[in-house]
Amino acid sequence: MKKLICLLSVFLFLCGCGADTLEKSGVAESLESSSVTIEEPDVYLDADGKLCFGDTQFKTKRDLWLLAYVEDRIYFKIQDPDDEQRVTIYKADLNAHEITAVGIIEHYRISTRPHDVRRIDQKLYFTVACDEEKGGKVHETLFSIDLVTDTLHTYEGERLISPLVYHQTYGGKLFTLKTKAVDGYYTSYIEKFDPAENTAETILSEKIADILAFTVDNGLLYLMEKNEQERWELLRYDLDGVLQNRFDLSDAQEDMGDYKIAQICVTNGYFLVSNLIEMKIFKILDDTLHLVANGWASEFYTANYNEKLPEENIFIYSAREQTFLFNPIEATLSQLVLPFIKYPETQIVTEAFESDGTVLLCISDIMANKSSYYILPEEKLKEFVVQTNRIKDEEVLHFLGEKEEVIIIE
């Protein structure tokens, strides 16, 4: 009998940032003026790599609202129990074994997914949509966390019409996908922000095409678009916005449907795309994309804050009890069995973060409504490989079952 798989809902996407000159509007609200506090227990890893916060119990993923994992430091958000639009950013330091507050964001509505938090030098950048007034219009603002001083900075923001935002970095610049109304059109565009000069410029703008997602690899911009004919394409540009190549994705669109695109990336000659239903891996040829692997259920790869994903071991997880390592150099896809998932029918990986050769995993038990967090070296993951399949050009590698096995819960 076929196994019925329930897909979990995935986080909402976000909003944009900045203007032509992004003047710092100062540090976010002083912590001395805040009444928001949490107990600050010891933070450590036990012998199995499980992340422990003293006696504090985090029962759901929302309780430990992860923002970033960088160099043995975990940045997370907690809402004020009396005001959900007042959010405090905390840092859990695994080396110092302590939790400290970084800053407060007022009128909080929604913020960047961890996959779109980006690092440039010693700062993490992310966008927050804040209400201008209670129940009023939303203002999208760029924030940064200084990793040296542990301070939260804000930059001048703007109103946008779409809650979607993607951040990428390359060459010390922050690239952002935004959408706003211009002359009666919904205009999607790519903005480049230079933190050193504190300036921003638009390098690509489309009044008709709908930019679904974008990524940067090896000095080239890749935009996934829906064109005038409502067909998907992947466009490759140089960093000045000059078109280099155009790849047809209409077959992928027919197969994947018009669900929101969750992630795309280009690494070592492969193009990865996932929506709320499935993931596809293509090999990039001169003028076409060749499908080499296809998987069902909500697949995502790890949040990584550098300019590109690791070249050898990209951790892929899904709303099933299956996880994988994708190696684009060796063209292999290896299935893992994680030892801390004791009940695969109810326990799944719901978040994954990669930093400095280690991976932070959130394991959620959907029946018990609680989550556990584990940190382990990438090399340790290889010990959990139970099967390795080579990706071949002549046939599509199918993983995570078949489409008809998936049940979508609205």
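Each value, and the rule that gives it
The residue numbering used here restarts from 1 in each chain and proceeds along that chain's sequence as written. Local features in a predicted model are, by the rule used here, given only for residues with pLDDT of at least 70; side-chain atom pairs are given and counted only at 80 or more, and totals for whole chains, interfaces and linings are based on all residues. Only hydrogens and water are removed before side-chain values are computed, so all heavy atoms of the structure are retained for them. Only DSSP runs of H or I with at least four residues qualify as helices, and only runs of E with at least two residues qualify as strands; both kinds are numbered from the N terminus onward. Under the scheme applied here, a residue whose accessible area is under 20% of the maximum for its type counts as buried, over 50% as exposed, and between as partly exposed, the area being computed with a 1.4 Å probe on protein chains only. We call two residues in contact whenever any of their non-hydrogen atoms come within 4.5 Å of each other. Confidence of the prediction at every residue is given by pLDDT, a number between 0 and 100. A pair of strands is treated as paired once DSSP finds two or more bridges between them. Every axis in this analysis is a line fitted to C-alpha atoms, fitted for helices over the stretch in contact. Angles between the N-to-C directions lie between 0 and 180 degrees. Every case where a carboxyl oxygen of Asp or Glu lies within 4 Å of a side-chain nitrogen of Lys or Arg is listed as a salt bridge. Polar contacts, as used here, are pairs of N or O atoms within 3.5 Å; protein pairs need one atom able to donate a hydrogen and one able to accept it. Residues neighboring in sequence count only if both atoms are side-chain atoms. Working definition: a ring pair exists when centres of Phe, Tyr or Trp rings (six-membered ring for Trp) sit within 6.5 Å. Plane angles under 30 degrees give stacked, over 60 give edge-to-face, the rest tilted.

Engineer: So what's going on with the overall build of the protein? Residues and values would help.
Structural biologist: When you go through the protein residue by residue, the secondary structure sums to two helices and 36 strands. Out of the 410 residues belonging to the protein, those deemed buried represent 56%. In the protein, the share of contacts with a sequence separation of at least 24, taken over all contacts with a separation of at least 6, comes to 49%.

Engineer: Give me the confidence of the model for the protein: which residues, what numbers.
Structural biologist: Averaged over every residue, the pLDDT of the protein is 79; residues scoring 70 or more account for 80%. Considering only residues more than four positions removed or in separate chains, one finds that residues 1–21, a stretch of pLDDT under 50, has 90 contacts. A low-confidence stretch, residues 23–38 stays under pLDDT 50, and its non-local contacts, those more than four residues away or across chains, total 38 contacts.

Engineer: Now, about the sheet that holds strand β23 (residues 270–275): what can you tell me, with residues and values included?
Structural biologist: If you trace the five strands from one edge of the open sheet to the other, you get β22-β23-β24-β25-β35, paired in mixed fashion. Of all strands in the sheet, those with a lone pairing partner are β22 (261–267) and β35 (397–399), marking the two edges. Between one strand and the next, the sheet's axes are offset by a mean angle of 15°, whatever the strand orientation. Pairing between β23 and strand β24 (residues 278–284): five bridges, direction antiparallel. Bridge pairing links Tyr 270 to Lys 283 in β24.

Engineer: How would you explain the environment of Ala 303 if you had to name every residue and give the values?
Structural biologist: Topologically, Ala 303 is positioned in strand β27 (residues 303–304). Given the relative accessible area of 1%, Ala 303 is considered buried. Here the alpha-carbon distance between Ala 303 and Glu 354, two residues 51 residues apart in the chain, equals 6.0 Å. Not counting chain neighbours up to four residues away, the residues in contact with Ala 303 comprise Pro 114, His 115, Ala 352, Phe 353 and Glu 354.

Engineer: Account for the pairing of strand β25 (residues 289–296), with residues named and values stated.
Structural biologist: Burial runs high along β25: six of the eight residues are buried. The pairing of β24 with β25 spans seven bridges and is antiparallel. Among the inter-strand pairings, Phe 282 is bridged to a residue of β25, identified as Leu 291. Counted between consecutive antiparallel strands, the loop separating β24 from β25 contains four residues. Sheet analysis places β25 next to β35, joined by three bridges and oriented parallel. Each bridged residue has a counterpart across the sheet, and for Ala 293 the counterpart in β35 is Leu 397.

Engineer: Explain the sheet that holds strand β33 (residues 370–377) to me, using residue names and the numbers behind them.
Structural biologist: Backbone-to-backbone hydrogen bonds join strands into a sheet, with any given pair of strands oriented parallel or antiparallel. With mixed pairing, four strands are arranged side by side in an open sheet as β27-β31-β32-β33. With one partner strand each, in any of the chains shown, β27 and β33 form the two edges of the open sheet. In this sheet, β33 lies alongside strand β32 (residues 358–365) in antiparallel orientation, the contact comprising eight bridges. Residue pairing across strands places Asp 365 opposite Lys 370, the latter belonging to β33.

Engineer: So what's going on with the pattern of salt bridges? Residues and values would help.
Structural biologist: Per the stated rule, a full pass over the model turns up 16 salt bridges. One salt bridge in this structure joins Lys 380 and Glu 383, with 3.0 Å as the shortest N-O distance. Residue classification places Lys 380 among the partly exposed residues on the basis of a relative accessible area of 35%. Look at Glu 383 and you get exposed, because its relative accessible area is 54%.

Engineer: How would you explain the side chain of Ser 111 if you had to name every residue and give the values?
Structural biologist: The topology assignment puts Ser 111 in strand β9 (residues 108–111). Of note is the side chain of Ser 111, whose polar atom sits 2.7 Å from the side chain of Lys 77. A polar side-chain atom of Ser 111 sits 2.6 Å from a polar atom in the side chain of Tyr 108.

Engineer: If you had to explain the side chain of Thr 169 to someone new, which residues and values would you point to?
Structural biologist: Relative to the assigned elements, Thr 169 resides in strand β14 (residues 166–170). By relative accessible area, Thr 169 is classed as buried at 1%. With sequence-adjacent residues up to four places away left out, Thr 169 is seen in contact with Arg 118, Arg 119, Ile 120, Leu 174, Phe 175, Asn 306 and Glu 307.

Engineer: Go over the packing of aromatic side chains, please, and point to the residues and values.
Structural biologist: Within this structure, the stated rule accounts for ten aromatic pairs. Between the aromatic rings of Tyr 125 and Tyr 155, the centroid separation amounts to 6.2 Å while the plane-to-plane angle is 40°, which identifies the pairing as tilted. You can see Tyr 125 sitting in strand β11 (residues 123–131) and its partner Tyr 155 sitting in strand β13 (residues 151–155), a full 30 residues away along the chain. Here the two residues Tyr 125 and Tyr 155 agree in accessibility, since each one is buried.

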